[in-house]
Amino acid sequence: MITVEKSDPFSSESHRLIEMLSAELAAITGDNGKSNFTVDAMNGDKALWVLAKNAHGDAIGCGAIRPLTQNIAELKRMFSDRSVPGVGNALLTFLEISAKEMGYLELRLETRHINHRAVNFYKKNGYVRIENYGPYTGREEAVCFAKTLC
């Protein structure tokens, strides 16, 4: 059983998962991903930080949304320790529903071409390739996706 809930991005559980994600990204892409995300960005009204927990209440995944525009949010820091199947789907579903409830019409994200697991995950979940945006413009290693929230 996986539960997903709003959480404190400054908690020790959150910090542990962010560090695990950063290490995994560095191993896959050579970049830990910290340059385009700070926990302080989670303070706004239209930002959300969540943790996925297993049946024992242990944090096993994390994810966030933050505003890009009034109607578009960016998906950030999606991570699962893969200790339980379905964590990524549980996180993504929760964040998509939450984003819609918060008034967002679209979610966007960036990952790296070389991160095949992430690219395939987002494609499988209905995300379509878009032109690179914001800090990812002109960066050949980056690939951006978007999904309209119905």
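For the structure itself, consult the block above.
Residues numbered from 1 in each chain as written. Predicted model: local features only at pLDDT ≥ 70, side-chain atom pairs only at ≥ 80, totals over all residues. Heavy atoms only, no water.

**Q** Quick question: what am I supposed to make of the state of the cysteines here?
**A** Disulfide: a covalent bond connecting the sulfur atoms of a pair of cysteines. Applying the stated criterion across every chain yields a total of 0 disulfides. With no disulfide of its own, Cys-144 lies closest to Cys-62 among cysteine sulfurs, the gap being 20 Å. (Disulfide = S-S within 2.5 Å.)

**Q** Is there a simple way to explain the packing of helix 2 (residues 87-101) against helix 3 (residues 116-124) in this structure?
**A** Packed helices, taken two at a time, are described by the angle their axes make and the gap between the axes. Across the interface, helix 2 lies against helix 3 with an axial gap of 12 Å and an inter-helix angle of 55 degrees. Taken together, the axes of helix 2 and helix 3 are oblique relative to one another. Considering how the two elements wind past one another, helix 2 and helix 3 form a crossing that is right-handed. Listed contacts from helix 3 to Gly-88, Asn-89 and Leu-92 of helix 2 are Phe-121, Tyr-122 and Lys-124. Considered class by class, the residues forming the contact of helix 2 with helix 3 number 3 nonpolar, 2 polar and 1 charged. (Axes fitted to C-alpha atoms, helices over the stretch in contact; angles between N-to-C directions. Helix = DSSP H or I, 4+ residues; strand = E, 2+ residues; numbered from the N terminus. Parallel < 35°, antiparallel > 145°, perpendicular 65-115°, else oblique. Left-handed = near helix turned anticlockwise from the far one by under 90°. Contact = heavy atoms within 4.5 Å. Nonpolar A, V, L, I, M, F, W, Y, C, P; charged D, E, K, R; others polar.)

**Q** What is the right way to look at the pairing of strand 7 (residues 142-148) in this model?
**A** Both faces of the sheet carry side chains from a regular strand, because those side chains alternate between them. Counted residue by residue, strand 7 has 6 buried out of 7 residues, so it is predominantly covered. Pairing of strand 5 (residues 106-112) with strand 7, which is carried by 7 bridges, proceeds in the antiparallel orientation. Following the sheet pairing, Thr-111 is matched in strand 7 by Val-143. (Buried < 20%, exposed > 50% of the residue type's maximum accessible area, 1.4 Å probe, protein only. Pairing = 2+ DSSP bridges.)

**Q** Help me understand the pattern of salt bridges, please; the structure alone is not making it clear to me.
**A** Two side chains that carry opposite charge are able to pair once their charged atoms sit near each other. Enumeration over the complete set of coordinates arrives at 8 salt bridges. Here Lys-53 ties to Glu-5 by a salt bridge, and the two come within 3.5 Å at their closest N and O atoms. One end of the pair, Lys-53, is in strand 2 (residues 48-53); the other, Glu-5, is in strand 1 (residues 3-6), with 48 residues separating them in the sequence. Note on Lys-53: relative accessible area 15%, which makes it buried. Note that Arg-108 and Glu-106 form a salt bridge whose closest N and O atoms lie 2.6 Å from each other. Put simply, Glu-5, Glu-13 and Lys-53 are held in one network by salt bridges that share partners. (Salt bridge = Lys/Arg side-chain N within 4 Å of Asp/Glu carboxyl O.)

Structural measurements only, silent on function.
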